[in-house]
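Observations on the three-dimensional arrangement
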Amino acid sequence: MKAYGVNELRKMYLEFFEGKEHLKMNSFSLVPQNDKSLLLINSGMAPLKPYFTGQEIPPRQRVTTCQKCIRTGDIENIGKTARHLTFFEMLGNFSFGDYFKKEAIAWSWEFLTKVIGLDENRLYPSVYEEDDEAFEIWNKEIGVPAEKIYRLGKEDNFWEHGAGPCGPCSEIYYDRGEKYGCGKPDCGVGCCDRFIEVWNNVFTQFEGDGNGNYTELDNKNIDTGMGLERLATVVQDVDSVFDIDTMKAIRDKVCEISGLTYKADKNADMSIRLITDHIRSVTFMIADGIIPSNEGRGYVLRRLLRRAARHGRLLGIKDQFLATLGKTVIDESKDGYPELEEKKDYIFKLLTIEEDNFNKTIDQGLTILTELEDDLIKDGKKILSGEDAFKLYDTYGFPLDLTKEILEEKGISIDEDGFKKAMNIQRETARNARVVTNYMGADETVYQQLDPSLTSTFIGYDATSYSSKITALTTEDALVSELIAGQNGTIIVENTPFYATSGGQVADYGVISTDNGEFEVTDTIKLQGGKIGHVGTVVKGMFKVAEDVKLAIDNNRRQATAKNHSATHLLQKALRTVLGSHVEQAGSYVASDRLRFDFTHFSALTREEVEQVEAIVNREIAKAIPVHTDVMTMEEAKKTGAMALFGEKYSDKVRVVSMGEFSKELCGGTHVSNTSAISVFKILSETGVAAGVRRIEAITADGVFAYYNELEQELNAAAKVAKTEPSMLSKRIEALQEEIKGLHAENEKLKNKLAKDALGDVMNQVVEVKGVKLLAAGVPDIDMNGLRNLGDQLKDKMGDGVVILASANGSDKVNLIAMATDSAMAKGAHAGNLIKELASLVGGGGGGRPNMAQAGGKNPAGIATVIERAASVLEAQIK
C-alpha cells in the first residue's frame, strides 16, 4: 500500500465518487447557514440537513464532499492525547432517496481495498445488532466472514439526534497491527488504538419521534463520514494524526520556532500538539470570515488563538509566531481550499494583531494576579477564590493550570470547586441564551408546513410588476386556502418581482392585487426550498390559492435602494484602493435611505483616508459607467477577478455585477443601470464595531441633498443664536471662546481666594509624625481641581511633608486628596496608599501615585474621622 498524502487522499476520494455519478460540492463555510443549533459546522452532513429532511431539493440525488469541521467539546484534551482535534476534514458521500445499503457498503469496500489498497484481511465491519440486512450484505455479497462482522448495540451503531431522521450505522475498522495494540490476547475491535474506525455508513431509514418510536421513511438516505486525518494515519502507518504529512509539517515548524525536539519532553509535546491543532482551526475560521470577539463563534476563535499563543510562551517562544505557522497551514492545505491562499494577507494580519493583543492582556493579567497574591499574603490567606481564578480565566485568558502553576511557587492554592461553579454558571447562561430550535436548527414556524416541492422564481431584475398564480397562503400560524380583509398573512406565488431580504439588501414593499382584492406587502422573505414569501395584510377583498394576481413593487423604494447598493460596490473597491487588499466585506445593510458597510481593517481611518475614499466613489459616479450583470459559473467568475463574500454559499451559477473595470463582484442584489444614477455619495461616519472590523455609514442621491439641507438649517439656527451671519460663525465662536477663557481664569482666581479664606491660617494645625510633617484639614464646597491647587500652595508653604485635604460638596459628595513631598516619600509616605485607606471612611475609593492621589466619596459625615485618623495611617507607613 502506498503512503498517500492528505491532499492525494482527498482528491482520490472525491474523484472516486464522482465516478459513481455523485456531484462533487466544495466544502461549505464553517459558519452555519440558517441553522441556529450550531455555532460552527461540526460534521459533513450538518450543512446538508435541508436535503435530508426534504425541505430543500438537492442539486443532485448523489453528492460527495470534503467538509471542514470544528468541534471544541473536548478542547481540554487537545494536546494531552494524540487523538483529539478541534479542526478536521470529513469525507462524505450522500444519497438523498437514491441508492441505499447495498451500494454504500460495496463502494466503501471498493474504495478502501481497490483504490487505497488496504489489506481486506485487516478490515472489520460492524453493524447495528438488529440490522440483519447490512450483516447479509457484508457476509454474502462482500464476502467478509461472519466472525469478522461485529454486531453492536444502539449506543455504538444507531444514529439519532432527538426527533427526526435516524437509522442504523455500519462502521469499518482497520487493524493497525500489534505494535499499536495493548498486548492483551483477546484484543479486538473497540479494545484500544490498534483497531481504528475509518468509515461510518449511516443508513437513514427511519423517522424517530424522540421517544423510541420509529416509522419507515419513504425516501431513505445515505450519510457517510470518514475522517480524512484518521484515514491518512492508517494509510501512512504513523502513530497519530499529528504525524501525518500535513500536520507534521506544522508540528515541525513549531519545533523550529521554539528550538525544541518533539518527543523529548512530555510537557513540551503537549504544547506542540496543541499549537499544531489550534493554528489549523484559527486559520480556517478566519478564512471563513469569523472575527475574534467575546461571544459566539468569535469567542471560540479567540479562545483557540489565545490558548495557542499561551502555549507558545510555555515553549519559550518570545516573539510573535502564529502568522508564521498560519503560512505553513496555508501551504499544506491550499490545494483543497484555495480560499486560504486568496485570504492569506488578511489571515496573517488578524493573527498578528490578535496575538499582540493577547500578549498585552496576559501581561495585565499577571499584574492583577500579583495584586491578588499580595492581598492574600496581607490577609494571611492561602487560597485564591474560585471567582478570582475564573475572572483571570475569562477576562485575561489565563487557563486554570497557568494560575495554579504561578501560585504554587508562593505556596498558594486555588478554590477549584469555586472555579468550576463560576464556569458552570457561565455555561448555563450561554445554554439558556440559545434559541430553542427544531432538528433543522431553525425556529418552528408555519412555513415548515409548506409543500417542499413548491418554489418561487424571482423575475425582478427585469420587471417591477408581474402577473402570477398563488401557490400557497398562510396566516401567522397555519396554512389556509384563503385570506380575507383584515388578516395578516403570507402569499407565495410562482413568479415574483419582489426582492426578498438577502445579501444585506432590504426587501421590496408593494401591493398584490386582483380585481376585487388588495394585499399590502410590508416584507418579503426567503423561505426554505427556494420559496419567496410576501408578508403583509389584506387591505380589502379576499385571496385564494390558485388565484391569478398582479404583483407590483414600490418602484421609488427599489430605485433608491439600488443606488445605495451599487454605491457599496464602488465603496468596497475604493477602500481596497486606499487601504489595501486585506479589506474584505464583513457585512452590509442596504436600504432606501442609507447604506452601512462593514469591512476588515485594523485601525480607524484618518480624515484624509475618508476623504480619499469618498472622492474615488464620486469620481466613478461622475464617469457614468454602465453597470452590467452577467450570469456564469463560479469558476468563470473567479477568472474575471470578481470578488466574493466571506463564507457565502453560492450556487453553480452566479451573477457578476461589473462597473467597468473598476468593480466586479458576485451579487444577487438589484442595481442601477449606470453609476451616474447614484448622483452623489457622502460618508456620514466611520467607526469600529469589533476587533479588526470597521463600519462606514453613508448616503447617496436625494439622501445627500436632504442631509445638506438639514445642515444648512442648523447652521442658520446656530448663527442666529450667536447673533451673527452664517459666514461669520467661525470667527464669532473664536471670539466667544476667548471670552469664556478669560472668564474661566478669573473664576479660578476667585475660587482659590474663597478656598484660602474658607480654610484660614491652618499652619498651626501641622503635626509631626515620626519626623514627617502632616497637615490634615477640611474645607467646605471645593471641587477637585480647587483642592489640588490649594494642596500645592500648602505643600509649598510647609516646605516638606504630607498634605491631606477633604471637602464636602452638597450632602452626598466628598472630594479627597493627598500629597507627599520627596523627603516624605523617602521616609515611607505614599499618597496612593493613604487615600486607599482613608477614602473608605467617607464611603468611597480611589488611589494614585506615591506623590499625589485623589478619591471621591458619598459620606461627608466621615470627613472628621479622616482628619482624625490621618496621623495614625501615616504613622503605619513611616519606616
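Residues numbered from 1 in each chain as written. Predicted model: local features only at pLDDT ≥ 70, side-chain atom pairs only at ≥ 80, totals over all residues. Heavy atoms only, no water.

Ordered by their spatial adjacency, 4 strands build an open sheet running S23-S24-S29-S28, and the pairing between neighbours is antiparallel. With one partner strand each, in any of the chains shown, strand S23 (585–590) and strand S28 (681–690) form the two edges of the open sheet. For this sheet, the mean inter-axis angle between neighbouring strands, taken without regard to orientation, is 15 degrees. Relative to strand S24 (residues 595–600), helix H16 (residues 555–579) is tilted by about 25 degrees, and along the sheet it contacts S23, S24, S28 and strand S29 (693–700). (Pairing = 2+ DSSP bridges. Helix = DSSP H or I, 4+ residues; strand = E, 2+ residues; numbered from the N terminus. Axes fitted to C-alpha atoms, helices over the stretch in contact; angles between N-to-C directions. Contact = heavy atoms within 4.5 Å.)

Attention now goes to the pairing of strand S22 (residues 548–553). Burial along S22 is one-sided: Val549, Leu551 and Ile553 are buried, and none of Asp548, Lys550 and Ala552, which face the opposite way, are. Bridge analysis of strand S13 (residues 465–474) against S22 gives 5 bridges, and the strand direction is antiparallel. Within S22, the residue paired with serine 467 across the bridge is lysine 550. (Buried < 20%, exposed > 50% of the residue type's maximum accessible area, 1.4 Å probe, protein only.)

When strand S34 (residues 845–848) meets strand S35 (residues 852–857), the two strands line up antiparallel, connected through 4 bridges. The residue of S35 that forms the bridge with glycine 847 is glutamine 854. Where S34 folds back on S35, the antiparallel hairpin that results is connected by 3 residues.

The pairing of strands in a sheet happens through backbone hydrogen bonds and is either parallel or antiparallel. Spatially, S30-S31-S32-S33-S35-S34 is the arrangement adopted by the 6 strands of the open sheet, whose pairing is mixed. Here the strands that pair on one side only, and so sit at the sheet edges, are strand S30 (767–769) and S34. Within the sheet, the average angular offset between the axes of one strand and its neighbour, ignoring direction, is 20 degrees. This element, helix H21 (residues 784–798), spans strand S31 (772–778), strand S32 (802–808), strand S33 (814–820) and S35 of the sheet and lies at about 30 degrees to S33.

Moving on, we get to unusual backbone geometry. The phi torsion at glutamate 21 lies on the positive side, around 65 degrees, for a residue other than glycine. With respect to the secondary-structure elements, glutamate 21 resides in the loop between helix H1 (6–18) and strand S1 (23–25). Positive phi outside glycine occurs at aspartate 237, with the angle close to 50 degrees. Inspection of the secondary structure puts aspartate 237 in the loop between helix H6 (228–235) and helix H7 (245–258).

So, on to the side chain of glutamate 171. Position of glutamate 171 among the secondary structure elements: in strand S7 (residues 164–175). For the buried residue glutamate 171, which engages in no salt bridge, the nearest side chain bearing the opposite charge is arginine 230, 7.5 Å off. When sequence neighbours within four positions are dropped, the list of residues in contact with glutamate 171 reads Tyr124, Pro125, Ser126, Asp156, Asn157, Glu197, Trp199 and Asn200. (Lys, Arg positive; Asp, Glu negative; His and termini not counted. Salt bridge = Lys/Arg side-chain N within 4 Å of Asp/Glu carboxyl O.)

Turning our eyes to something else, we now look at the confidence of the model for the chain. Averaged over all residues, the pLDDT of the chain is 90; the fraction at 70 or higher stands at 96%. Scored below 50 in pLDDT, residues 433–440 makes 23 contacts in the model with residues more than four places away or belonging to other chains. (pLDDT = per-residue confidence, 0-100.)

Once that is clear, we can look at the state of the cysteines. Tallied over the entire structure, the rule returns 0 disulfides. In this structure cysteine 169 is not part of a disulfide, and its nearest cysteine sulfur, from cysteine 166, lies 10 Å away. The class of cysteine 169 is buried, set by a relative accessible area of 4%. Unpaired in terms of disulfides, cysteine 182 finds its nearest cysteine sulfur in cysteine 191, a separation of 3.5 Å. (Disulfide = S-S within 2.5 Å.)

On to the packing of aromatic side chains. As enumerated under the stated definition, the model contains 29 aromatic pairs in all. Here phenylalanine 87 and phenylalanine 284 contribute two aromatic rings whose centre-to-centre distance is 4.3 Å and whose plane-to-plane angle is 20 degrees, an arrangement assigned as stacked. Of the two residues, phenylalanine 87 is situated in strand S3 (residues 87–96) and phenylalanine 284 in helix H8 (residues 266–287); the sequence distance between them amounts to 197 residues. A cation sits over an aromatic face here: arginine 176 above tyrosine 180, 3.8 Å from the ring centre. The ring of tyrosine 461 is capped by arginine 655, whose NZ or CZ atom sits 3.3 Å from the centre of that ring. (Phe/Tyr/Trp six-rings, centres within 6.5 Å; stacked < 30°, edge-to-face > 60°. Lys NZ or Arg CZ within 6 Å of the ring centre and 35° of its normal.)

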